[in-house]
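Each chain is listed here by its residues.
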Amino acid sequence: MENSSKENTQLFLKNAVLSMDRSSSKSESSASKEKATFCGGIKIFLGALSFVYFAKALSGSYLKSTITQIERRFDIPSSLVGLIDGSFEIGNLLIIILVSYFGAKLHRPKIIGAGCLIMSLGTFIIAMPHFFMGHYRYEIFSSSSNSTVSISPCLQDRNQITASVLEKSQGKIYAGCVQTVAIIGPIFGFLLGSLCAKLYVDIGFVDMESITITHKDSQWVGAWWLGYIIAGSISVVAAIPFWFLPKDLPRPEARKDSSTSSEQSKFITDDNRDHHVTYPEQVKILEMAKDFLPSLKSLFGNPVYFLYLCSSVIQFNSLIGMVTYKPKYIEQQFGQSSTKTNFVIGLINIPAVALGIFSGGLIMKKFRLNVLGAARLSLAASFFGYLLLLLLFAMGCKNADVAGLTISYQGHPQASRYEPTLFSECNLGCICSKNEWDPICGENGITYISACLAGCKMSNGSGKSMVFYNCSCVEITEFSSRPSSAVVGPCQNGKECPQMFLYFLVISVITSYTLSIGGTPGYILLLRCINPQLKSFALGIYTLAIRVLAGIPAPVYFGVSIDTTCLKWGSKRCGGQGACRLYDSNAFRYIYLGLTIALGTMSTLLSVAVLIVLKKRYIPHNESIVTSGQRGTTSAKNQTDNFVNSDHLIQTTYWPEKETRL
């Protein structure tokens, strides 16, 4: 009986163990399936979201790369181009606060998908004017096709045909993935801009053999519209996956009891049918609306948040204005083509920004900087970044020698915006238009606005190979004592200009890297200084302020300021002032860099104020905050309404439009 009892006991234990093993294996199998489902869902969502970031960044950066192309194509000043660029942000004003405040209760994937479709529609609309307007026309000297017969550009008989004609021509690891792709987007955006700028604007609609200018010519307009069609198509593709994603992603069993942020718990849930309803989901829309003003008051009552917001707004005014007109600055200051300019920005400047962002996060992690350290790092990056910009004042090219504008016809330096200076004794016998812009390069190294104003009596050849002879204004200069010739196109702007351009690129890359280092710690400071319940709302207000007070006005007043440096305005075919043909290089440099540095200095001073307030409210040794009116310290846990220092809030290293900040 004893042996039988032992056998029964052993059999029972064996069966129990087997049962437990089977139960355990089933549990593990179930958990692994749930984990696989979750991982598969989150990976699909992250992949789709990353592609959206890429599409958005590509569209935004491509818009920056086409500024000068649009200006030339439609004969509009920089101020109007700036307004067009600023209007890119206007659409955000209508919904950004509503989405950030009420968005948690809506179907987020479908909202993102709808946003992508709207973005693609807007991108297509930008390209539409190309198909509704006539072919691009540029000013060239007229001659018989494939003819070597001499024609006089300098008309001395009013019955002759006009010398200038217009020729027709046709969880944290996840956020890192998203932000990495967001950095890649601008690189492809500017490279796409470089490619399209090399293609003629009416490619596919005209005979390319009839085009007598190249992409290096000042009158060249690239196929700006083509990039918008490509960018819009990418946005459409990016929208497709979001229409097939569920409203919420299931959370694996192992994480059901884990603490997550309120934002995450609203999107990644256990089960839509029986999940625990949290307080924010029980509140009605009207009750949420009643809490709007108190929440807003709480945010602006936080001195750290308010000062940092003001500092960021001013800094983004500086950065947005600088980036918007950086391609134009390089083209006008160093005589580079749009193709090369966009290529350089996309392949050199933007990677420097990405490296700076990464370095900022690495420094924060390696040295385990607290919120005070983050503020100091952000301030130091801004200070040294704008200090480096001062060096660019000395890295510019002198004004091109253009007779009647930057120098006199006798070769003496001048900078005049008065049209009477376009005429001289050497071309008084010619009937020339003061509005035409068809520059030629004299043998003496001086650029003339047109062959007529250069007093040229003869021409030979056609198109790009045309040569002008017996130019009376060229031969009277002190640099030449014999009758000189001239060729089509402006003269090169000195031998030192290419070297200056290399110096500019080096300093520009270092400056971009330095300024970008402060992005990550600055954003961490923003997240840690607000109540976690107001995080989404605070970020919405922050983004709205950047777009309204910086994204819209900065390109406009930068453009207006740049227009004041114009020496020669073009004329529209229908009458009125067109785009600027020639800028005063020195004035352009002082205006462009001066505005950037002045705004940066104001932003840096406000950052100093942020640091001072932080020192008064925060003690790094015990992570506590000193409130006003208290002599001792108060636990940070009891002051979370004023200041929050929790690492789980750091879920991204993104700030608005960082992908286009150079």
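Calculation notes
- Residues numbered from 1 in each chain as written.
- Predicted model: local features only at pLDDT ≥ 70, side-chain atom pairs only at ≥ 80, totals over all residues.
- Heavy atoms only, no water.
- Helix = DSSP H or I, 4+ residues; strand = E, 2+ residues; numbered from the N terminus.
- Buried < 20%, exposed > 50% of the residue type's maximum accessible area, 1.4 Å probe, protein only.
- Areas by Shrake-Rupley, 256 points an atom, 1.4 Å probe, with all protein chains shown as cover.
- Core = buried A, V, L, I, M, F, W, Y, C linked by side-chain atoms within 4.5 Å.
- Contact = heavy atoms within 4.5 Å.
- Pairing = 2+ DSSP bridges.
- Patch = residues over 30% accessible without salt bridge, like charges linked within 9 Å, V, L, I, M, F, W, Y side chains within 5 Å.
- Salt bridge = Lys/Arg side-chain N within 4 Å of Asp/Glu carboxyl O.
- Phe/Tyr/Trp six-rings, centres within 6.5 Å; stacked < 30°, edge-to-face > 60°.
- pLDDT = per-residue confidence, 0-100.
- Disulfide = S-S within 2.5 Å.
- Axes fitted to C-alpha atoms, helices over the stretch in contact; angles between N-to-C directions.
- Parallel < 35°, antiparallel > 145°, perpendicular 65-115°, else oblique.
- Left-handed = near helix turned anticlockwise from the far one by under 90°.
- Nonpolar A, V, L, I, M, F, W, Y, C, P; charged D, E, K, R; others polar.

**Remarks on the overall build of the protein**
Then, number 1: For the protein, the helix and strand inventory stands at 22 helices and 11 strands.
Then, number 2: Within the protein, buried positions represent 50% of all 662 residues.
Then, number 3: Surface exposure of the protein reaches about 31300 Å², of which carbon and sulfur atoms provide 62%.

**Some details on the nonpolar core**
Then, number 1: Grouped together as the largest cluster of nonpolar side chains are 38 residues, with contacts concentrated most on Tyr200, Val201, Ile211, Trp224, Tyr228 and Phe242.
Then, number 2: Of all the secondary structure elements, the ones that give two or more residues to this core are helix H1 (2-65), helix H2 (67-73), helix H5 (108-127), helix H7 (173-198) and helix H8 (224-239).
Then, number 3: At 11 residues, the largest contribution of residues to this core is made by H1.
Then, number 4: Beyond its immediate stretch of four places on either side in the chain, valine 201 contacts Arg73, His130, Tyr136, Val221, Gly222, Ala223, Trp224 and Trp225.

**Details of the pairing of strand E8 (residues 467-471)**
Then, number 1: Across four bridges, the pairing between strand E7 (residues 456-460) and E8 is antiparallel. Residue pairing for E8: serine 459 is matched across the bridge by phenylalanine 468.
Then, number 2: As paired elements, E8 and strand E9 (residues 486-488) share two bridges and run antiparallel to each other. Note that in E9 the partner of phenylalanine 468 across the bridge is alanine 486.

**Some thoughts on a nonpolar patch on the surface**
Then, number 1: A grouping of Leu121, Ile125, Met128, Phe131, Phe132, Met133 and Phe205 is seen on the molecular surface, where their side chains present a nonpolar patch of about 710 Å² in accessible area.
Then, number 2: Mapped by element, the contributors of at least two residues to the nonpolar patch are H5 and helix H6 (129-132).
Then, number 3: On the secondary structure map, phenylalanine 205 appears in the loop between H7 and H8.

**Considering unusual backbone geometry**
Then, number 1: The backbone phi angle of aspartate 75 is positive, close to 55 degrees, even though this residue is not glycine.
Then, number 2: Inspection of the secondary structure assignment puts aspartate 75 in the loop between H2 and helix H3 (78-86).
Then, number 3: Residue aspartate 75 is classed as buried on the basis of its relative accessible area, which comes to 14%.
Then, number 4: Despite not being glycine, asparagine 470 shows a phi value in the positive range, around 50 degrees.
Then, number 5: When you line up the elements, asparagine 470 lands in strand E8.
Then, number 6: The class of asparagine 470 is partly exposed, set by a relative accessible area of 37%.

**Overview of the environment of serine 603**
Then, number 1: Its location among the elements puts serine 603 in helix H22 (residues 585-617).
Then, number 2: Linking serine 603 and valine 313, residues 290 residues apart in sequence, is a C-alpha distance of 8.1 Å.
Then, number 3: Excluding anything up to four places from it in sequence, serine 603 contacts Ser311, Ile314 and Gln315.

**Points about the packing of aromatic side chains**
Then, number 1: The final tally for this structure, using the stated rule, is 26 aromatic pairs.
Then, number 2: Geometrically, the ring pair formed by phenylalanine 131 and phenylalanine 205 is edge-to-face, given 6.4 Å between the ring centres and 70 degrees between the ring planes.
Then, number 3: Assessed through its relative accessible area of 40%, phenylalanine 131 is described here as partly exposed.
Then, number 4: Taking the centre distance of 6.0 Å and the plane angle of 10 degrees together, the rings of tyrosine 308 and tyrosine 542 count as stacked. Placement of tyrosine 308 in helix H13 (residues 303-324) and of tyrosine 542 in helix H20 (residues 535-551) is noted, with a sequence separation of 234 residues between them. The residues tyrosine 308 and tyrosine 542 share a single accessibility class, namely buried.
Then, number 5: Here a set of aromatic residues connected by ring pairs shows up, and it is made of Tyr329, Phe334, Phe501, Phe504, Tyr583, Phe588 and Tyr592.

**Things to note about the confidence of the model for the protein**
Then, number 1: When pLDDT is averaged across the protein, the result is 77; 70% of the residues are at 70 or more.
Then, number 2: A low-confidence stretch, residues 1-14 stays under pLDDT 50, and its non-local contacts, those more than four residues away or across chains, total zero contacts.
Then, number 3: Overall, residues 621-662 carries pLDDT values under 50, and its contacts beyond four positions in sequence, including any with other chains, amount to 116 contacts.

**Quick notes on the state of the cysteines**
Then, number 1: Taken as a whole, this structure holds six disulfides when the rule is applied.
Then, number 2: Paired through a disulfide, cysteine 456 and cysteine 471 show a sulfur-sulfur distance of 2.0 Å. Around the S-S axis, the bridge from cysteine 456 to cysteine 471 shows a dihedral of about 100 degrees and counts as right-handed. Within this pair, whereas cysteine 456 is found in strand E7, its partner cysteine 471 is found in strand E8, the two being separated by 15 residues in sequence.
Then, number 3: The disulfide partner of cysteine 566 is cysteine 580, and the gap between their sulfur atoms is 2.0 Å. Because the torsion about its S-S bond is 100 degrees, the bridge between cysteine 566 and cysteine 580 counts as right-handed. With a gap of 14 residues between them, cysteine 566 in strand E10 (residues 566-571) and cysteine 580 in strand E11 (residues 577-583) connect regions that are remote in the sequence.
Then, number 4: For cysteine 566, a relative accessible area of 3% corresponds to the buried category.

**Considering the packing of helix H16 (residues 371-389) against helix H18 (residues 497-517)**
Then, number 1: Across the interface, H16 lies against H18 with an axial gap of 7 Å and an inter-helix angle of 160 degrees. In terms of orientation, H16 lies roughly antiparallel with respect to H18. Taken as a pair, H16 and H18 cross one another with a handedness that is left-handed. Between H16 and H18, the residues in contact are Leu377, Ala381, Ser382, Phe384, Gly385, Tyr386, Leu388 and Leu389 and Ile507, Ile510, Thr511, Thr514, Leu515 and Ile517, respectively.

**Regarding the environment of glutamine 577**
Then, number 1: As for its position among the elements, glutamine 577 is in strand E11.
Then, number 2: The class for glutamine 577 is partly exposed, based on a relative accessible area of 47%.

**Some thoughts on the sheet that holds strand E5 (residues 440-442)**
Then, number 1: Pairing is antiparallel in the open sheet, where five strands are placed in the order E6-E5-E9-E8-E7. One side of each edge strand has no neighbouring strand; the edge strands of this open sheet are strand E6 (447-448) and E7.
Then, number 2: Pairing of E5 with E6, which is carried by two bridges, proceeds in the antiparallel orientation. Residue cysteine 441 lies in a different strand from E6, and its bridge partner there is threonine 447.

**Some details on the packing of H13 against helix H19 (residues 519-528)**
Then, number 1: In contact at an axis separation of 9 Å, H13 and H19 are set at 145 degrees when each is read in the N-to-C sense. For H13 against H19, the interelement crossing comes out left-handed. Side by side, H13 and H19 meet where Val304, Tyr305 and Tyr308 of the first sit next to Gly522, Tyr523, Leu525 and Leu526 of the second.
Then, number 2: Taken together, the residues of the contact of H13 with H19 sort by class into six nonpolar, one polar and no charged.

**Topic: the pattern of salt bridges**
Then, number 1: Scanning the model with the defined rule gives five salt bridges in all.
Then, number 2: The residue glutamate 331 makes a salt bridge to arginine 72 at a minimum N-O spacing of 2.9 Å. No difference in accessibility class separates glutamate 331 from arginine 72, as the two residues are buried.

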